[in-house]
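Each chain, written out:
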Amino acid sequence: MHHKDIKARIRKQLKTHFPNWHRLTRKEKKEIARQVLEQVIENYDSSKKIATPVPDLIGLSDQQPTEGIMTVEQMAEFIAEHQSDPLFRLYGKHSPHPAIKDIELQYIDSLIDNRIVNKILAPDGYKPAIRYLFPCNMLRAEILKAIKYPEISYRKF
């Protein structure tokens, strides 16, 4: 994580000392970046604990969440609400599909809660009575396919 801390410090220094970065030529940028890197590495103490917050380390400090996406806290509250509802406790965990023979895939399949996934991914006009395929089935198929056959996963292309 120290390399990410160094990158965050370099990024911060470049933003504060060179506000017109995008107007510089490529050679000027390389020279300035080299100087800043040398200065930060010279003053950096890797024996100390990293004080930089995690969002700054991974470059998400000023990123705003997209409209309609739940935060982690909202998601935890949503799941706790569903698990505490007595009506939902009547339904047990789903059994794995008989075609899934791999133990690892069965375990991953058991982690997916159909009711929560359907509630999150379903559109506003969702009516279970007229549905043939549920959002949880499509999500499960995509996750298990990407794990079992990573070479044909669309993320590689």
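Sequence order sets the numbering: in each chain, residues are counted from 1 along the sequence as written. Side-chain atom pairs in this predicted model are given and counted only at pLDDT of 80 or more, local residue features only at pLDDT of at least 70, and totals for whole chains, interfaces and linings cover all residues. Hydrogen atoms and water are omitted, and side-chain values are computed over all heavy atoms in the structure.

Asks: In this structure, what is going on with the packing of helix H5 (residues 103-111) against helix H7 (residues 135-148)? I would like to understand it.
Replies: Geometry of a packed helix pair, given as the angle between the helix axes and the separation of the axes. Running from N to C, H5 and H7 point in directions that differ by 150 degrees, and their axes come no closer than 11 Å. Looking at the two axes, H5 sits roughly antiparallel to H7. H7 is crossed by H5, and the crossing has right-handed handedness. Taking contact as the criterion, the partners of Leu105, Ile108 and Asp109 in H5 are, on H7, Arg140, Ile143, Leu144, Ile147 and Lys148. For helices, the fitted axis covers only the stretch in contact; all axes are lines through C-alpha atoms, and the angles between them, taken along N-to-C directions, range from 0 to 180 degrees. Strands are runs of DSSP state E lasting at least two residues, helices are runs of H or I lasting at least four, and both sets are numbered from the N terminus onward. The scheme is simple: roughly parallel for angles under 35 degrees, roughly antiparallel for over 145, roughly perpendicular for 65 to 115, oblique for anything else. For any pair of crossing helices, the crossing counts as left-handed if the nearer helix is rotated counterclockwise from the farther one by less than a right angle, and right-handed if it is rotated clockwise. Contacts are assigned to residue pairs that have any heavy atoms within 4.5 Å of one another.

Asks: Even after reading the chapter, I still don't get the side chain of Gln13, so can you show me in this structure?
Replies: Looking at where Gln13 falls in the secondary structure, it is placed in helix H1 (residues 2-17). Each residue touching Gln13, except ones within four places of it in the same chain, is listed here: Phe18, Val36, Gln39 and Val40.

Asks: How do you make sense of the nonpolar core when you look at a structure like this?
Replies: Inside soluble globular proteins, nonpolar side chains tend to come together where they are buried. Residues belong to one nonpolar core when they are buried, are Ala, Val, Leu, Ile, Met, Phe, Trp, Tyr or Cys, and are joined through side-chain atoms within 4.5 Å. Relative accessibility decides the category of a residue: with a 1.4 Å probe and only protein chains considered, values under 20% of the type maximum give buried, values over 50% give exposed, and everything between is partly exposed. Grouped together as the largest cluster of nonpolar side chains are seven residues: Ile6, Ile10, Leu14, Ile32, Val36, Val40 and Tyr44. Taken together, the elements giving at least two residues each to this core come down to H1 and helix H2 (26-43). Residues within four places of Val40 in sequence aside, it is in contact with Ile6, Arg9, Ile10 and Gln13.

Asks: Would you take a moment to explain the pattern of salt bridges for this structure?
Replies: Two side chains bearing opposite charge may form a pair once their charged atoms approach each other closely. Any Lys or Arg side-chain nitrogen found within 4 Å of a carboxyl oxygen on Asp or Glu counts as a salt bridge. Inspection of the entire model under this criterion finds five salt bridges. The salt bridge involving Glu31 is made with Arg34; its shortest N-O contact spans 2.4 Å. Placement of both Glu31 and Arg34 in helix H2 is noted, with a separation of three residues, approximately one turn of the helix. The partly exposed category is assigned to Glu31, whose relative accessible area is 32%. Looking at Arg34, the relative accessible area reads 38%, which means it is partly exposed. Here Arg140 makes a salt bridge to Asp109, at a shortest N to O gap of 2.2 Å. Residue Arg140 is located in helix H7, and its partner Asp109 is located in helix H5; the two are separated by 31 residues in the primary sequence. Both residues of the pair, Arg140 and Asp109, count as buried. Look at the salt bridges and you will find they share partners, linking Glu31, Arg34 and Glu38 into a network.

Geometry only, nothing functional implied.
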